[in-house]
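# A look at the structure
So you can see what is in the structure, the chains are spelled out below.
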Amino acid sequence: MTKSKLSQPLENFNELKMRFKNVSAEYELLSNSLNCLEDCYYSLVDATGKIITISTEFEKIDGYKTEDILGKNVLEVYRLHKENSVHMKAITEKRVMKNEKFRYPSAYGQPVDLVMDIYPVFSGSEVIGSFAISRDTSKLQALTDKVFELQKALFQQSQKGNSNGTQFSFDDIIGSGEAMQSVINTAKRMARSESRIMILGETGTGKELFAQSIHNDSSRAKEPFIAINCSAIPDNLLESILFGTAKGAFTGAGDKPGLFEAAKDGTLFLDEINSMNIALQSKLLRALETNRIRRLGSNKEIPINPRIISAMNINPQEAIETEKLRSDFYYRLAVVTLECPPLRNRKEDIIALSWFYVGKYSKILGRKINNISDEVIHILKKHDWPGNVRELSHCIEHAMNMVDPTDTSLLVKHLPAFLLDKTLKNNILPIIIPKQNDYRQTMLQVGREILTQALKRNNGNINKTAKELDLSRQCLFYKLKRLDIDIQHEISIE
């Protein structure tokens, strides 16, 4: 499709620009400070809709050359009716409009999606134009549309019994320790009820794993499981994703179901619910109280029946005190609460988890690892794992990438550098520095400490010690002799 041809610029455009000279400078200064934000652009029109100034970045968004559209009317350029133009609406109604969704065709006929803040421009009491700060959400809107399509396909598959949108059940949860078994047993009891569940836990503790398992162990198992991370989507799009849209809700909007409708009689999992803004929390609270929703732009109420499971990775009381979370909203969601323990509080599960990920990445990377060295296990158990199971997974994946195709054991040298650095610091400190600060003597003492600690970890086994330190046997013997280290004597000292 070829670009739309526009009429010639108005002859009096220079006079028009002069009238807006001070206004344009003021708003362009404002826009320049806002343009440091990603995908944030500006436009200024007069009271009739003629374009006074516009970000040149719009050329990349909609394909219209700036010099071709200056002085033209926005209705003509973007092929709009007056009632569909957010600029003209702000001028007519004389009010500021925030987070307005706007869709219009590009020069090539493809849809462009913006979220706009529009400000009427006054000269005394007269409105002489409007100024807009716009954020391009076209890619995000396309992804949102894809979500709707996938959710629709998912629901159709679930009706045929092929899939319910989950990957995990309680059988997939690894954890034989007391802490994890207690959580699993509690979650299974929750699965048998219809109460709303709040899952609490640090990032990487497996909150969605539990949510899916609860769904699959419930009476709703044959219905769809739909998950959304509330922190990953801007608030102005999150509302339409959850509730859906009615035709005319905003320019270019059509009738689309939201995730509440897509979940139907299944489970809707709302992750990082504390990221949702307070205004949207209020709307969601009403939906939870009435079990009814309204699509954006519609007055028709639609009954809903999904079970709501939500999750947070911060302390709920802290979120309430800092006004990130409405207390009534939290208590409506947290009828029953499940807490996922961090990995540092269930270190008895580290070996089983490590073997699981070794097996997983062996298949993916074509490795033949059938042994995890005692030294590696020692290091893994000593680490606090602030990133929890997800961090352990990434650590093992890194190590498996460092393994040679012919290796059969996972060794210390394969682990990420940050783990090795921490281990060395823990093993060689404190070191007594000679009072005379003799550099050579200090370095010899550090080397002696490293070797003796490695020997102790390997119970004096030369082969294992050499492998851990990535040295040959000959080199290790040379260093032991040079540093006057007696193997039997050193490993007998605790």
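Computed from a predicted model, the values in this text were never measured in an experiment.

For the rest of this paragraph, the subject is unusual backbone geometry. A positive phi angle is found at arginine 79, which is not glycine, with a value near 55°. Here arginine 79 lies in the loop between α5 (74-77) and α6 (86-93). Given a relative accessible area of 41%, arginine 79 falls into the partly exposed group. In this model, asparagine 388 sits at a positive phi of 60°, which is unusual for a non-glycine residue. Summarising the element assignment, asparagine 388 is placed in helix α17 (residues 388-402).

This model, assessed by the stated rule, comprises ten aromatic pairs. Each ring, one from tyrosine 330 and one from tyrosine 331, has its centre 5.1 Å from the other, and the planes form 65°; the classification is edge-to-face. Classification of tyrosine 331 by relative accessible area gives partly exposed; the value is 48%. With a centroid separation of 6.4 Å and an interplanar angle of 25°, the aromatic rings of tyrosine 357 and tyrosine 361 are classed as stacked. Highlighted residues: tyrosine 357 and tyrosine 361, both in helix α15 (residues 350-365), separated by four residues, approximately one helical turn. Accessibility classification places tyrosine 357 together with tyrosine 361 in one group, the buried group. Feature note: the residues Tyr64, Tyr78, Phe102 and Tyr104 constitute an aromatic cluster, connected by ring pairs.

Once that is clear, we can look at the nonpolar core. In globular proteins that are soluble, nonpolar side chains generally tend to be buried together. Ranked by internal contacts, the top residues of the largest apolar core, which has 37 residues, are Phe243, Phe260, Leu270, Ile273, Met276, Leu284 and Phe329. When neighbours within four sequence positions are excluded, isoleucine 273 is seen to be in contact with Met198, Cys230, Gln281, Leu284, Ser310, Ala311, Met312, Phe329 and Leu333. Core analysis: the next-biggest nonpolar cluster, separate from the first, contains 27 residues, Tyr41, Phe58, Met116 and Val127 among them.

What follows is about the packing of α15 against α17. α17 packs onto α15 with a crossing angle of 45° between their chain directions and a minimal axis gap of 9 Å. With respect to α17, the axis of α15 lies oblique. Both α15 and α17 take part in a crossing whose hand is right-handed. Here Ile350, Leu353, Ser354, Tyr357, Val358, Tyr361, Ser362 and Leu365 of α15 lie close against α17, whose contacting residues are Val389, Leu392, Ser393, Ile396, Glu397, Met400 and Asn401. Split by residue class, the contact of α15 with α17 holds ten nonpolar, four polar and one charged.

What the largest pocket holds in volume is close to 840 Å³. Along the wall of the largest pocket there are 29 residues; nearest its centre are Phe168, Gly206, Leu209, Tyr357 and Arg390. Listing elements by their share of the lining of the largest pocket, those giving two or more residues are α9 (207-216), α15 and α17. The residue inventory of the lining of the largest pocket, partitioned by class, reads eleven nonpolar, ten polar and eight charged.

Look at helix α10 (residues 235-243) against helix α12 (residues 278-290): their axes get within 11 Å of each other, and the N-to-C directions meet at 10°. Considering their axes alone, α10 and α12 lie roughly parallel with respect to each other. Here α10 and α12 pass one another in a crossing that is left-handed. Counted together, Asp235, Leu238, Glu239 and Phe243 of α10 and Leu280, Lys283, Leu284 and Ala287 of α12 form the full contact between these two elements. Partitioning the contact of α10 with α12 into residue classes produces five nonpolar, no polar and three charged.

A separate point is the sheet that holds strand β13 (residues 307-312). The five strands are arranged β7-β10-β13-β6-β14 in an open sheet whose pairing can be described as parallel. Each having just a single partner strand, β7 (225-229) and β14 (336-339) make up the two edges of the open sheet. The average undirected angle you get between the axes of adjacent strands in this sheet is 20°. As paired elements, β7 and strand β10 (residues 267-271) share five bridges and run parallel to each other. Across the sheet, the residue bridging to isoleucine 228 is leucine 270, located in β10.

A separate point is the confidence of the model for the chain. On average, residues of the chain score 81 in pLDDT, and 80% of them are at 70 or above. Contacts from residues 1-13, a stretch scored under 50 in pLDDT, to residues over four places away or in other chains number 26 contacts. This stretch, residues 428-433, has a pLDDT under 50; its non-local contacts, to residues over four places away or in other chains, come to seven contacts.

Quick look at the sheet that holds strand β4 (residues 111-123) now. Two orientations exist for strands paired in a sheet by backbone hydrogen bonds: parallel and antiparallel. Reading across the sheet, the five strands line up as β2-β1-β5-β4-β3 and stay open at both edges, with antiparallel pairing between neighbours. A strand with exactly one partner marks an edge of an open sheet, and here the two such strands are β2 (51-54) and β3 (97-105). In this sheet, adjacent strand axes meet at a mean angle of 30° when their direction is disregarded. In the sheet, β4 pairs with strand β5 (residues 126-136) via ten bridges, with the strands oriented antiparallel. Within the sheet, the bridge partner assigned to proline 120 lies in β5 and is serine 130.

Inspection of every chain in the model, using the stated rule, returns twelve salt bridges. Its salt-bridge partner being aspartate 113, residue arginine 103 comes within 2.8 Å of it at the nearest N-O pair. Placement of arginine 103 in strand β3 and of aspartate 113 in strand β4 is noted, with a sequence separation of ten residues between them. For the pair arginine 103 and aspartate 113, one class covers both residues: buried. Residue arginine 344 is joined to glutamate 202 by a salt bridge in which the shortest nitrogen-to-oxygen separation is 2.5 Å. Separated by 142 residues along the polypeptide, arginine 344 in the loop between β14 and α15 and glutamate 202 in the loop between β6 (197-200) and α9 bring together distant segments of the chain. The class for arginine 344 is partly exposed, based on a relative accessible area of 34%. Judged by relative accessible area, glutamate 202 falls into the partly exposed class, the value being 27%. Salt bridges sharing partners connect three or more residues here, namely Arg286, Arg294 and Glu301.

Criteria and thresholds
Residues numbered from 1 in each chain as written. Predicted model: local features only at pLDDT ≥ 70, side-chain atom pairs only at ≥ 80, totals over all residues. Heavy atoms only, no water. Helix = DSSP H or I, 4+ residues; strand = E, 2+ residues; numbered from the N terminus. Buried < 20%, exposed > 50% of the residue type's maximum accessible area, 1.4 Å probe, protein only. Phe/Tyr/Trp six-rings, centres within 6.5 Å; stacked < 30°, edge-to-face > 60°. Core = buried A, V, L, I, M, F, W, Y, C linked by side-chain atoms within 4.5 Å. Contact = heavy atoms within 4.5 Å. Axes fitted to C-alpha atoms, helices over the stretch in contact; angles between N-to-C directions. Parallel < 35°, antiparallel > 145°, perpendicular 65-115°, else oblique. Left-handed = near helix turned anticlockwise from the far one by under 90°. Nonpolar A, V, L, I, M, F, W, Y, C, P; charged D, E, K, R; others polar. 1 Å grid on protein atoms, 1.4 Å probe; cavity = no way out; pocket = protein on both sides within 12 Å on 5 of 7 lines; lining within 4 Å. Points joined across faces, edges and corners; volume = space filled by probe spheres on them. Pairing = 2+ DSSP bridges. pLDDT = per-residue confidence, 0-100. Salt bridge = Lys/Arg side-chain N within 4 Å of Asp/Glu carboxyl O.

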